[in-house]
Structure formats: C-alpha cells, structure tokens
Amino acid sequence: MQTNTVLFIVLAAIVALVLVLFQYYYKSKVKGKTIIVLSFLRFISIFGILLLLINPKFTKKNYEIIKTNLIFLLDNSSSVKNEKTIIKNLVDELTTNEIKDKFTVHKYAFGKDFEALDSLSFAEKNTNIAKALVTTDAIYARANSAIVLLTDGNQTIGQDYEYLNLKKDISIFPICLGDTTRYDDIRIEQVNSNPYSFLKNKFPLEVVVNYDGNLQVNKTVTVTVDGKKEYQENISLSKNNNTKTINVNLNALTVGVKPIKVSVASLNKEKNTFNNHKTTYIEVIDETTKIAIVSSILHPDIGALKKSIEINKQREVVILEPSAALSTLENIDLFILYQPNVSFSSIYNFIQKKQANTFTFTGTNTDWRFLNTIQKSIQIQTNYPVQEVIPKVNKTFSKFDVSEFNTLDYPPLETNAGPIRFTDSMEPLLNMTIKGVEVNNPMLFFIENNTSKNGYWFGQNIWKWRIQEYRNTKSFLNFDDFIGKLMFYLTSSKTKNRLNVDYKSIYEGNTNAKITATYFDESFTFDPNANIIIALQNKKGDKKVEIPLLLKQDFFEVDLSNLPPDDYDFKIIVAEKGVSKSGSFLIKDFNVEQQFLSSNAQKLQSLANKSGANLLFPNQIQELKKSLLNTKQFLPVQKKIENIVPLVDFKILLALIISSLTIEWFIRKYKGLM
C-alpha cells in the first residue's frame, strides 16, 4: 500500500474523531455510557464514509513458473500401424521425468480429425496432417511451444501441410516413420468418371497411370465393367515419360450400379501391387420417357412428331390405336391424342383415372362434339368451314423459353374449329392469324392444374413445318428443339413430397456416409418434432439395423460411418405418420492409406526447415532429447502476477455504515435525544 494512502486513512480517522468529539462532547449535557456508545457508532459511520471515498487498495504479488508446452502429434492412420511399437518407445523416451520437469506435455492423435490422445488404434483411413498442425497452432498461439510430429508424412486429405503459414516462433520436430526407400512402382493414380449415365448412352472414363522408376517399361491397362472386359491398351513409360492419361468412352448397357475396375500389369518384383488396381462405380439410370401417340387415322403428322421426339434418345415413342389394351398404357408418361373421336373413350377414361398428362392435336378429322363432352376445360364451337391459319409466337409465354423459336415462312395449318370458350385458366404459346388478321383464338396453349398438364394444338399438317425448316436452314434443329421443349414441359412433374430424402448411390468408403431427410406436415410446414428412423439391411440380409435420424437445424441426418463396406437397402420411416421412402446405396471398400509404400521424408524436411528445426528419424531420438533439454528457447519462464485488492470489501463497509447509523438512530430515539 502506498504511503499517501496510509496518510489519508489516518487523516480520515482524525477527522471522524474530531467530528464526534464536537458533536457529542462539546457543550453536551449528556453523560454516562450512552454518550460513549453513540460516539463510537458515529465514529464508525463517518470513518466508513471517508474510507469509501479514499478507497484504499494494496497490491498482492504472486510468482509462478511457466513451462514450455511440448506437444506430441501422433499419426493414428493405418499407414503407420506397423510402427506402433516404435511410436510407443519414442513417446516413452520423450516423456521422462527430466523432460516433464522442463515441459508441460500434451498428447494428441490425428487421422481424419484431431483429438486428445486416449489410445492409438491405427484404424484411421485418412490422414490430415495440416488440420492437426493448424489446430495446435491455434490452441497454443500465445504460449511458447514445441511440436513433436510422429508420422510417415503421407497426407490423403486437407490442405498441403508443406505450405502452411504457422506461428513463426513455434518449433516443429518431425520424426519420420516407416521406410524411406524409394521402390520402382507403377500405379493407377486416378480414375475419373461421371457418377451417373443414362441407359444405352456412352459415358467417358479417364485413367491416369504413373510410374516411379528408371527403366523403360511396357505394360497393359485393362478396364472391366461389371466383371466384363471392355477396354485394353498397351502403354510405355520411362523415367522422363512417367505419366500416361487414357481416355475412353464406354457403353452403359444395363441398369444399376456398375463397378468399373481399372488395372495395370505389375512390375517385376514390385513391392506394392495394391495400387495397381482401382475401382470406381457408375450408376446406370433408365430415364427413358415413354410417349404414346394415339390415333385412329394415318397422317404424316404422326411420323413427323415421332421423328422429332425421338431425336432425344431418352424419349421413346409408341404409336397406338384407341382400342389398345389398357395393360400397354400403364408405363406411358405422356399421351399424344391425335384428332380424337368417339373411339378414344376408353383411352380418356384411363387418362382421367391415372391423372396423366396429355397433348391433344386437332384437325379436320376431329370429332368436336366428342371432345366437348369428354373433357370440361374447353368448349369448341362446331360447324365451321375448313380454313388456313398461320401461327404467331406469344413472346410473353412464361412456362419455358421460346425466344429462339422462329415460324418464318412456315406454311399455314388447316382447321375447322370455331371460337374456343375456356372454363380453366390457360396460357397460349401460338396464336392464330387468319388472312393476315390475328383472331382471338389460340393455336397452341396449355392448361395446368394440381393433378395434370394438358396441351392443345389446333391445326393439322405440322409435317409441312418440319420440311419447311429444313428448306430454310438445311436442318430440322429449330423445329425439333421446339417439339423437345414441349415434351420436356409436359412430361415433367411438380408434385410435392412431404418426405424428401437426400443420399448418394455410392460412398467412397464409410467416412462420409450420411443420409439427410426433411419432413413436412399436412400444411407443408417443416416438422422438427417428427420421429424419423432408418431401417436398413445389406443385400445378403445378414445385417439389419434401425437408427434414428437426428435433427440438424432444418433437416434430419443419420451418420452411417460405422457400417462396413457393402450393398444396402434402406427405408426411411416417419413413425406414426404412415409416410416412408425407400432406396439403396453402396459403401465402397476403399482405404487410400494402402496406396503408400514409402514415407514422405522430403515434405517433412521442408516443414522442419520452415520452423527452424530438423527432420529426425527414430534412431536420432537422443539428439532430439538433448535439443529439447539444452535449447534456451525452451527454458521455463518465471511470471509475476500482480493483483490489486481493495483493503476493505465495499459491500461489508457499506453494510457496517448502514448498521451503525441505524443503531445510533434507535438509541437516540429511545433515550429521547432526537
């Protein structure tokens, strides 16, 4: 406590005493013990108030020894499992009492993630050295630290640790584990392909082959799809020409998830042949849209429509008569009804029950009375003469882009339809022009409701349009693209699902195997209280499990990282709601750690150089120990901590002042001195 503070306290006591003597003893007639008690209480009150104003403090000093942090980062991946005894001995050697006297020891393990060391399993299938270093640097950013990194230097995921910008005064001592010898090796470095392909299409495959060695080698690369050899090529590699990229297009012949195995013949006495093979997967999807043209007459329009629609290989057109068996209609995605008449009754009944999408083409052979009776969206006036109509594109059409469609020089179509009355809302794409006058009648329009989409085209002989397009441009592209857009719009669906599931058909190992789901109540509001579970089993049927999905903000998620590699069928069930969705996926048996045969001492040396340290090997552990014990940078530091503490607690002093004043008031009141 400072001297002037002591003087102020003494002065406050004198002032308090003087005021008490003046009030209770100067010319006072009251005598006895009462005046002594009152004087003492008044002195306490005044002295306490003055102490509050002075607020005396004193400084409390503490001293502590701050040791340097010695942080062990231990590789827990499967690529160093053969070094587990060496790792244990190294850690024991570097955590002796002599080391602990100088350092505060911390131990962490890393693979894909970074965590405090409990035990080493060497089961991690990925190594992220960069994440371990960055996390450690962030945790011990303000402390003097040294890192001992025990790893083989092979990283499979994350940022390249060789180029990290860590704290400048942190020392990193990498200890290189494993075999540093470089062996001749040929390997499939990378296989690139699309995850999906459509049935009967070709899909591209890119293969990158690498060679480490000094000789000239000639080897064969083989590609098999679903167990069948699809491609083979002989390649030549050398020290200077050590990479070969192979590009090939393969056929998607059958539906399902297909394994694609790429292999390269091994070298003589090659030590690591695991990386001579690599397997990827592609899912072949049958998304063929089946479209039926139903007609009771023969007309060139039917052939023109079929040709234009099937330009897209994912669309298949069948031509049916109105009397076709209902069993042949079940898989139809869109019905094109060409000039319907009374013979179409059974077709229309089936469409109404299925709530299927339709595209109705009308012409001079259309039975207008039947058409007016069989549907209620439009009513057409009859008994009009056949007349020629010319199209005019509605530039404000909003359902899809028609800006590139041009009807220049297209010949007129023929129709005998009268004015149309609409009972449902519609949007025209083409309007009619008769003898140069645009009439209030659409030529092509669409009616859309909650259950289906329906298109109507008034006018026959559209085959002439396709011929005219070829005359204009030497290509059918403009017309065929236009018909393709019509088909895409009419075959697409806008149905809402209360349960939506997001998952991959193929997972590269089980590390990222997760399935997410969203569930909406009957008003299509997200329901966070839903009880959702996943029931799954492998294809063999010998493993069945049920797991609840956990709520994550606005979706549910299940982590399947504990599942072994296999083919699985699953069913997502919303308990007590009767809502479910099924699917299947494949978890590939893939361990990238097995691709490495040698340790990467070069990158570890670069990391050590950046921090001012040296790369070490297990047989140099004593050198590291001496460096840790003798380097002045790692000496413990004495730290002085000064705490400024009030002499008297504010709350206690305030309570004492209030108590003394209160007691004094009661005594004076009782004695009649007020």
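From a predicted model like this one, the values you see are computed outputs, not experimental measurements.

Procedures and definitions
- Sequence order as written defines residue numbering, which begins from 1 separately in each chain.
- Restriction of local features to residues with pLDDT of at least 70 applies here, the model being predicted, together with a cutoff of 80 or more for giving and counting side-chain atom pairs; totals for whole chains, interfaces and linings are based on all residues.
- Each side-chain value is derived from all of the structure's non-hydrogen atoms; neither hydrogens nor water enter the calculation.
- Put simply, DSSP H or I for four residues or longer makes a helix, DSSP E for two residues or longer makes a strand, and each gets a number counted from the N terminus.
- Our radius of gyration looks at C-alpha atoms and nothing else; its globule reference is 2.2 Å times the residue count to the power 0.38.
- Only protein chains enter the accessibility calculation, which uses a 1.4 Å probe. A residue is then buried if its area is under 20% of the maximum for its type, exposed if over 50%, and partly exposed in between.
- Nonpolar cores were defined as sets of buried Ala, Val, Leu, Ile, Met, Phe, Trp, Tyr and Cys residues, with membership established by side-chain atoms within 4.5 Å.
- Any two strands with at least two DSSP-identified bridges between them are counted as paired.
- Lines fitted to C-alpha atoms define the axes, with helix axes restricted to the stretch in contact, and inter-axis angles between N-to-C directions lie between 0 and 180 degrees.
- Working note: the arc is built from the helix axis to C-beta atom directions.
- Residue contacts are defined here by distance: any two heavy atoms, one from each residue, within 4.5 Å place the two residues in contact.
- Only rings of Phe, Tyr and Trp enter the pairing, Trp through its six-membered ring, and a pair is recorded when the two centres are within 6.5 Å. The plane angle decides the type: under 30 degrees is stacked, over 60 is edge-to-face, the rest tilted.
- Here, a charge over a ring is recorded when the distance from Lys NZ or Arg CZ to the ring centre is within 6 Å and its angle to the ring normal is within 35 degrees.
- Only one rule defines a salt bridge in this text: a Lys or Arg side-chain nitrogen within 4 Å of an Asp or Glu carboxyl oxygen.
- Crossings are sorted by hand: turned counterclockwise from the far helix by less than a right angle, the near helix makes the crossing left-handed, and turned clockwise it makes it right-handed.
- Oblique is the label for any angle not under 35 degrees, not over 145, and not in the 65 to 115 range, which are roughly parallel, roughly antiparallel and roughly perpendicular in turn.
- Each residue receives one of three labels: charged for Asp, Glu, Lys and Arg, nonpolar for Ala, Val, Leu, Ile, Met, Phe, Trp, Tyr, Cys and Pro, and polar for the others, Gly being one of them.
- The residues that make up patches have over 30% relative accessible area and no salt bridge, and they are joined within 9 Å when like-charged or within 5 Å when they are Val, Leu, Ile, Met, Phe, Trp or Tyr.
- Only the protein chains shown count as cover for residues, and all accessible areas are computed by the Shrake-Rupley method using a 1.4 Å probe.

Tell me about the overall build of the protein, residues and numbers included.
Each helix and strand in the protein was counted, giving 13 helices and 35 strands. For the protein, whose C-alpha radius of gyration is 43 Å, the value lies well above the compact-globule estimate of 26 Å for 674 residues. Based on the C-alpha atoms only, the size of the protein along its principal axes is roughly 135 × 90 × 50 Å. By residue count, 44% of the 674 residues in the protein fall in the buried class.

Account for the nonpolar core, with residues named and values stated.
The biggest cluster of nonpolar side chains holds 62 residues, and the ones touching the most others in it are Phe335, Ile336, Leu429, Trp457, Phe458 and Leu486. Broken down by element, this core gets its largest block of residues, seven residues, from helix H10 (residues 477-491). Grouped together as the second largest cluster of nonpolar side chains are 25 residues, Val209, Val264, Ile282 and Val284 included.

Break down unusual backbone geometry for me, with residues and values.
Phi angles above zero are rare outside glycine, and Asn383 is one such case at about 65 degrees. With respect to the element layout, Asn383 can be found in the loop between strand S19 (378-380) and strand S20 (387-393). Of the residues examined, Asn383 reaches a relative accessible area of 70% and is grouped as exposed. The backbone of Lys435 sits at a positive phi, close to 55 degrees, despite the residue not being glycine. When you line up the elements, Lys435 lands in the loop between strand S23 (427-434) and strand S24 (437-448).

Go over the sheet that holds strand S7 (residues 185-193) with me, naming the residues and quoting the values.
Sheet architecture is open: three strands sit in the order S7-S9-S12, paired in antiparallel fashion. Of all strands in the sheet, those with a lone pairing partner are S7 and strand S12 (243-251), marking the two edges. Sheet twist, expressed as the mean angle between neighbouring strand axes with direction ignored, is 20 degrees. When S7 meets strand S9 (residues 202-212), the two strands line up antiparallel, connected through eight bridges. Following the sheet pairing, Ile188 is matched in S9 by Val209.

Give me the lowdown on helix H12 (residues 621-630), citing residues and values where you can.
Ile621, Leu624, Lys625 and Leu628 are the residues of H12 that are buried. For H12, the angular spread of the buried residues around the axis is 100 degrees, confining them to a single face. Exposed residues on H12 whose side chains face more than 90 degrees from its buried face are Lys626 and Asn630. In the core, the buried residues of H12 are packed alongside strand S2 (68-75), helix H3 (84-93), helix H4 (97-102), strand S3 (103-110), strand S5 (145-151) and strand S6 (171-176).

Explain the environment of Leu334 to me, and be specific about the residues and the numbers.
Topologically, Leu334 is positioned in strand S17 (residues 334-338). Separated by 13 residues in sequence, Leu334 and Ile347 place their C-alpha atoms 12 Å apart. Setting aside residues no more than four positions away along its own chain, Leu334 makes contact with Lys290, Ile291, Ala292, Asn357, Thr358, Phe359, Met487, Leu490 and Thr491.

Give me the packing of aromatic side chains: which residues, what numbers.
For the structure on display, the rule yields 33 aromatic pairs. Taking 6.3 Å as the distance between ring centres and 70 degrees as the angle between the ring planes, the aromatic pair formed by Phe405 and Tyr410 counts as edge-to-face. Of the two residues examined, Phe405 and Tyr410, each falls in the buried class. Grouped by ring-pair contacts, the aromatic residues Tyr338, Phe359, Phe361, Phe397, Phe400, Phe405, Tyr410, Phe446, Trp457, Trp465, Phe482 and Tyr489 constitute a single cluster. Between Lys453 and the ring centre of Tyr489, over which it is positioned, the NZ or CZ distance is 4.4 Å.

Break down the pattern of salt bridges for me, citing the residues and quoting the values.
The tally for this structure, following the rule as stated, stands at 16 salt bridges. In this structure, Lys625 engages Glu93 in a salt bridge whose closest nitrogen and oxygen atoms are separated by 3.5 Å. One end of the pair, Lys625, is in helix H12; the other, Glu93, is in helix H3, with 532 residues separating them in the sequence. On the accessibility criterion, Lys625 (12% relative accessible area) is buried. Glu93 gets classed as partly exposed once you look at its relative accessible area, which sits at 26%. Linking Glu438 and Lys392 is a salt bridge whose minimum nitrogen-to-oxygen distance equals 3.2 Å.

How would you explain the sheet that holds strand S29 (residues 532-538) if you had to name every residue and give the values?
Spatially, the five strands line up as an open sheet ordered S27-S34-S33-S29-S30, and their pairing is mixed. Only two strands of the sheet have a single neighbouring strand rather than two, namely strand S27 (506-507) and strand S30 (544-548). With seven bridges connecting them, S29 and strand S33 (residues 566-574) associate as antiparallel partners. Paired with Leu536 across the bridge in S33 is Phe570.

If you had to explain the packing of helix H1 (residues 3-24) against helix H2 (residues 33-54) to someone new, which residues and values would you point to?
Close contact between H1 and H2 brings their axes to 9 Å; oriented N to C, the two are set at 145 degrees. Seen from above, H1 lies across H2 with right-handed handedness. Of the residues in H2, those in contact with Phe8, Ile9, Ala12, Ala13, Val15, Ala16, Leu17, Leu19, Val20, Gln23 and Tyr24 of H1 are Ile35, Leu38, Ser39, Arg42, Phe43, Ile46, Phe47, Leu50, Leu51 and Ile54.

Explain the packing of helix H6 (residues 300-309) against H10 to me, using residue names and the numbers behind them.
Two quantities define a packed helix pair, namely the angle between the helix axes and the distance between the axes. At a minimum axis distance of 9 Å, the contact between H6 and H10 shows a crossing angle of 80 degrees. Classified by the interaxial angle, the pair formed by H6 and H10 is roughly perpendicular. Between H6, through Leu305, Ser308 and Ile309, and H10, the contact on the second element is made entirely by Phe479, Asp480, Ile483 and Met487. The class makeup of the residues in the contact of H6 with H10 is five nonpolar, one polar and one charged.

Break down a nonpolar patch on the surface for me, with residues and values.
Judged by side-chain polarity, Val6, Val10, Ile14 and Val18 come together as a nonpolar surface patch covering roughly 320 Å² of accessible area. Looking at the secondary structure, you find Val6 in helix H1.

Hey, could you go over the pairing of S29 for me, with residue numbers and the actual values?
Most of S29 sits inside the fold, with five of its seven residues counted as buried. Alignment of S29 against S30, held across five bridges, turns out to be antiparallel. Pairing of Leu536 across the sheet is with Val545, part of S30. Joining the antiparallel neighbours S29 and S30 is a turn of five residues, in which Gly541 adopts a positive phi near 85 degrees.

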